[in-house]
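Summary of structural features
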Amino acid sequence: MATTLISDMPETATKEKIRLPGLSRAQISKHLEAIGIEPKKLKMRTSQIFQWIYNFGVSDFEQMTNVAKPLKAKLAEHFTLQRPEIVERQVSVDGTRKYLVRMAPGIEVESVFIPDVSKTGALCVSSQVGCTLTCKFCHTGTQRLVRNLTAQEIILQVMMTRDDLGEWPTTQENRKLTNIVFMGMGEPLYNTDEVAKAIDIMADETGMAIGRRRVTVSTSGVVPEIAKIGERSNAMLAISLHAANDKLREQIMPINKKYPLKELMEACRNYPGLSNARRITFEYVMLKGVNDSPKHARELINLLRGIPAKVNLIPFNPWPGSNYECSDWETIERFGVIVNKAGFASPIRTPRGRDILAACGQLKSESEKMRASEKRKMEKDGLAQP
Ligand code: SAH
Ligand code: SF4
């Protein structure tokens, strides 16, 4: 009688290894326990491996020089340190980098790294694939929600950018990736738990050590989640305001019907840790003839009165099929002066990466393009119906 060894069975041979990068300390510990690390060494081993992953950014167990050979082999047998595939990487003339990463089949995510003229740089991460909210000026808003990203998938965006910039280990001087903004695809406060978990991982001092004050969560105004993210993560808050009266805000941001301005402002006033040193950023996209008059500016000042706030004026970034135009430069400046005179900093955000559709609100098309091409490939391979 022929016998089949378990190890010969195809499912065993192709069994997927667990990816460790992007996992929390507790998750790593659980996986180490499951492969038989002795309880009394578990904490030490977890810290060691956590540090190799997040401080040194290693992608091969061989690089873990303080781990004995047999353990390295065991780790490699069960786990992987590999990153997901970068489907597309584009670099703008202004140095902005956009990545399209395939986290899982059909789950493609965009992140944008924006180097500053100074020594800093921000990575704009996605929290969802697509978005359920349909803000009229936003490209992502035209893409249906595919799913929420996990904390691991959020962290992988940061790690892969560090890989690309060559910014390991964390202690390296003059790193450019200093800040994280949740301003990519999706609404982070419809995925609060995973976003908070991701912030815990990126802020860990023994790992990537990205301080919580350097992390900004941007929301279109999911009121009940605002206090929660503040308490859970201690991150900075940005509100996509874009209009200072309910009637107009409802027109361009349907979420305002559910959570009108009065409730939104109340949640802002109560944001944990709010102070003059920790102000809320209010984002205001400049839409020609829609929300950009001096009257609108005065409305905005009245709304923000008493809140430690700064206003970010964002020139509207067009995308294929968008129905708005960007306000004229003089109009934006005039608006900024009014807001500034009332005591609120009101910088105009320079559009970055427009040539590669990487600027605010432009994220989406590449994913769709890739999905279409992937679909064609699947059709060719007989895996999908044309
Ligand atoms: N969903 C979150 C975070 C992602 S959007 C939120 O809405 O806050 C990041 C920022 O880009 C938001 O302030 C959003 O309003 C703005 N934005 C969206 N579309 C834009 C466009 N076409 N031009 C400029 N800014 C845009
Ligand atoms: Fe979603 Fe934010 Fe775009 Fe609105 S602006 S559709 S909340 S990603």
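Residues numbered from 1 in each chain as written. Chains lettered and ligands numbered in written order. Predicted model: local features only at pLDDT ≥ 70, side-chain atom pairs only at ≥ 80, totals over all residues. Heavy atoms only, no water.

1. Remarks on the overall build of the protein
In terms of helices and strands, the protein carries 13 helices and 13 strands. Of the contacts made within the protein by residues no fewer than 6 positions apart, 66% connect residues no fewer than 24 positions apart. When the accessible surface of the protein is totalled, it reaches about 18100 Å², and 53% of it is carbon and sulfur. (Helix = DSSP H or I, 4+ residues; strand = E, 2+ residues; numbered from the N terminus. Contact = heavy atoms within 4.5 Å. Areas by Shrake-Rupley, 256 points an atom, 1.4 Å probe, with all protein chains shown as cover.)

2. A look at the nonpolar core
Judged by nonpolar contacts, the single largest core of 101 residues is most densely connected at Leu 75, Phe 137, Ile 180, Phe 182, Met 202, Leu 241 and Phe 282. For this core, the leading source of residues is helix H5 (residues 151-165), giving seven residues. Those residues in contact with Met 202 that sit more than four places away from it in its chain are Ile 154, Ile 155, Val 158, Ile 180, Phe 182, Met 208, Ala 209, Ile 210 and Val 215. (Core = buried A, V, L, I, M, F, W, Y, C linked by side-chain atoms within 4.5 Å. Buried < 20%, exposed > 50% of the residue type's maximum accessible area, 1.4 Å probe, protein only.)

3. Brief notes about the confidence of the model for the protein
The predicted coordinates should not be examined in detail at positions where pLDDT is low. Overall, the prediction assigns the protein a mean pLDDT of 90, with 89% of residues at 70 or greater. When the criterion is pLDDT under 50, residues 1-13 qualifies, and its contacts beyond four places in sequence or with other chains add up to two contacts. Note that pLDDT drops below 50 for residues 377-386; the model gives that stretch seven contacts with residues more than four away or on any other chain. (pLDDT = per-residue confidence, 0-100.)

4. A closer look at the sheet that holds strand E5 (residues 107-115)
The pairing of strands in a sheet comes from backbone hydrogen bonds and takes either a parallel or an antiparallel form. The strand order E3-E4-E5-E6-E9-E10-E11-E12-E13 describes an open sheet built from nine strands, whose pairing is mixed. Two strands close off the open sheet at either side, each with one partner strand: strand E3 (85-91) and strand E13 (309-315). Neighbour-to-neighbour, the strand axes of the sheet open up by a mean angle of 20°, direction not taken into account. Here four bridges tie E5 to strand E6 (residues 121-124), and the two strands are oriented antiparallel to one another. Within E6, the position partnered with Phe 113 by the bridge is Leu 123. Helix-sheet contacts for helix H12 (residues 329-341) involve strand E12 (280-286) and E13, and the interaxial angle to E13 is about 175°. (Pairing = 2+ DSSP bridges. Axes fitted to C-alpha atoms, helices over the stretch in contact; angles between N-to-C directions.)

5. Quick look at the side chain of His 296
Relative to the helices and strands, His 296 is located in helix H11 (residues 294-304). Separated by 2.8 Å, the side chains of His 296 and Ser 293 make a polar contact. Excluding residues that lie within four positions of it along the chain, His 296 makes contacts with Leu 248, Tyr 284, Val 290, Asn 291 and Phe 335. (Polar contact = N/O pair within 3.5 Å; in protein donor to acceptor, adjacent residues only side chain to side chain.)

6. A look at the packing of aromatic side chains
This structure, assessed with the given rule, holds four aromatic pairs. Seen from their ring centres, Phe 316 and Tyr 324 are 6.1 Å apart, and the 75° between their planes marks the pair as edge-to-face. Residue Phe 316 shares its accessibility class with Tyr 324, and that shared class is buried. Sitting over the face of the ring of Trp 168, Arg 162 holds its NZ or CZ atom 4.9 Å from the ring centroid. (Phe/Tyr/Trp six-rings, centres within 6.5 Å; stacked < 30°, edge-to-face > 60°. Lys NZ or Arg CZ within 6 Å of the ring centre and 35° of its normal.)

7. A few points about the packing of H5 against helix H6 (residues 192-203)
Packing of H5 against H6 brings their axes to within 8 Å, and their N-to-C directions diverge by 45°. When the axis of H5 is compared with that of H6, the two are oblique. Along this stretch, H5 crosses H6, giving a crossing that reads as right-handed. Contacts between H5 and H6 involve Ala 151, Ile 154, Ile 155 and Val 158 from the former and Glu 194, Val 195, Lys 197, Ala 198, Ile 201 and Met 202 from the latter. Of the residues assigned to the contact of H5 with H6, the class counts are eight nonpolar, no polar and two charged. (Parallel < 35°, antiparallel > 145°, perpendicular 65-115°, else oblique. Left-handed = near helix turned anticlockwise from the far one by under 90°. Nonpolar A, V, L, I, M, F, W, Y, C, P; charged D, E, K, R; others polar.)

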